[in-house]
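An overview of the molecular structure
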Amino acid sequence: MNDPCAHCEEMMQPYLDHVLTDEEMDRAEAHLAECVDCRRRYRFEESLRIYVRKAVAEEMPAELRQKLAALRIPLE
Amino acid sequence: MEAEPEEAQRLATEARDRVRFEEDALALSDQVYRVARYLASSREDADELMQETYARAFRSWRSFTPGTNMRAWLMRILNNLNIDRGRRQQRAPQMQPLEANDYYLYDRLAEDGDGVSDEDKVVERLSQDDIVTALSAVPHDFRDVIVLVDLGDFSYADAAQILDIPVGTVMSRLHRGRRILKRELAESALEEAT
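Residues numbered from 1 in each chain as written. Chains lettered and ligands numbered in written order. Predicted model: local features only at pLDDT ≥ 70, side-chain atom pairs only at ≥ 80, totals over all residues.

Topic: the overall build of chain A
Quick note on the threshold: In this description a helix means any DSSP run of H or I spanning at least four residues, a strand means any run of E spanning at least two, and both kinds are numbered starting from the N terminus. Put simply, the radius of gyration uses C-alpha atoms, and a globule should come to 2.2 Å times the residue count raised to 0.38.
A count of helices and strands for chain A gives four helices and zero strands. Order of helices (α) and strands (β) in chain A, N terminus to C terminus: α-α-α-α. For a compact globule of 76 residues, the expected C-alpha radius of gyration is about 11 Å, and chain A comes in at 22 Å, more than 25% above that figure. Based on the C-alpha atoms only, the size of chain A along its principal axes is roughly 70 × 25 × 20 Å.

Observations regarding unusual backbone geometry
For A:His18, which is not glycine, the phi torsion reads 60° and is therefore positive. In this structure, A:His18 sits in the loop between helix 1 (4-16) and helix 2 (22-34).

Things to note about the interface of chain B and chain A
Note the threshold: Note on contacts: residues are paired as contacts if their backbone-placed C-beta atoms lie within 7 Å. Under the grouping applied here, Gly and all other residues not named as nonpolar or charged are polar, the nonpolar ones being Ala, Val, Leu, Ile, Met, Phe, Trp, Tyr, Cys and Pro and the charged ones Asp, Glu, Lys and Arg.
Contacts between the two partners involve 33 residues from chain B, matched on the other side by 27 residues from chain A. Those elements that place two or more of their residues in the side of chain B that touches chain A are helix 1 (3-27), helix 2 (29-39), helix 3 (43-59), helix 6 (119-123), helix 7 (128-137), helix 8 (140-151) and helix 10 (167-193) of chain B. Of the residues belonging to the side of chain B that touches chain A, the class tally is 17 nonpolar, six polar and ten charged.

Regarding the nonpolar core
Where we set the bar: In these notes, a nonpolar core means any group of buried Ala, Val, Leu, Ile, Met, Phe, Trp, Tyr and Cys residues linked to one another through C-beta atoms within 7 Å. Exposed residues have 12 or fewer other C-beta atoms within 10 Å of their own C-beta, buried residues have 20 or more, and residues in between are partly exposed; the C-beta atoms are placed from the backbone. For each domain, the first and last residues come from an automatic or database assignment.
Counting 53 residues, the largest nonpolar core has B:Val35 and B:Ala36 as the members making the most contacts within it. Each of domain 1 (3-84) and domain 2 (104-193) of chain B contributes no fewer than three residues to this core. Not counting residues within four places of it along the chain, the set of residues in contact with B:Ala36 comprises B:Ala46, B:Leu49, B:Met50 and B:Leu78. Formed by six residues, the second largest nonpolar core is a distinct cluster that contains A:Cys8, A:Met12, A:Ala28 and A:Tyr42.

What to know about the domain arrangement of chain B
Residue and element names in this part refer to chain B. As far as domains go, chain B holds domain 1 (3-84) and domain 2 (104-193). Each of domain 1 and domain 2 was reduced to a C-alpha centroid, and the two centroids are 29 Å apart. If you look at the interface, domain 1 gives nine residues, while domain 2 gives twelve residues. When contributions to the side of domain 1 that touches domain 2 are tallied by element, the ones reaching two or more residues are helix 2 and helix 4 (70-84). Among the residues forming the side of domain 1 that touches domain 2, the class breakdown is five nonpolar, two polar and two charged.

Observations concerning the confidence of the model for chain A
Here is the rule: How sure the predictor is of each residue is captured by pLDDT, a score from 0 to 100.
Summing up the model confidence of chain A, the mean pLDDT is 91 and the portion of residues at 70 or higher is 96%. Within chain A, the element-level pLDDT minimum falls on helix 1 of chain A, averaging 91, and the maximum on helix 4 (residues 62-70) of chain A, averaging 97.

A closer look at the confidence of the model for chain B
Scored by pLDDT, chain B has a mean of 87; 89% of the residues are at 70 or more. Interface confidence for the predicted complex, given as ipTM, is 0.86, next to a pTM of 0.87.

Now the structure itself:
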């Protein structure tokens, strides 16, 4: 009655965020152990999160770093 | 007369604490910037916001409790300033963004790539521009949470405190925000493919 892949999809974000209860975790892992498709999709989600972080990581401009340091309050 | 050395001692201790605070805060600036860049609406806004945040932090350093999370403390100042400045309006409810299910993006990319099975390769079909554009297209309320948790590594509880919303709201916005992001990514990736 319940589609296990649909349930697994619902569990994916909390699973990867490590916020599932032990029971939910066991259930998700049991399904992942036997379902190649869900396993692939979980791995994709993990890769995607890492990839997004890298893609949007921007170095702070050196000029801004200097401006921030200049905001320090001088000692009397 | 006797109070003088004590007063001098107190001032010296305070000066030392303040210098240490400023150094610690500056050492976190790269991490703060990474988040500020996407809480603000442009690079220029992020630049100004960082300066306002640090100016305020240096002035009100006494209100920071040593031993607590300084990065979250700085981020809270930054978020409040961002709201005060109206850069990020507490806007009227906007159109409900479309969100896809969690598997949608993978399924679309995989089917479009002749059944590529290596998940890393599937991810690499997205360009950096696709990702930056897609993240910018996610409405602020959802994006703020993604930026704090997924890019800034803040816990749900820290994000809740920074944004002044309940933890449950952080979780639901994060969940939906990631789905909206994936829908945006699927759209841009598929547009390129056609």
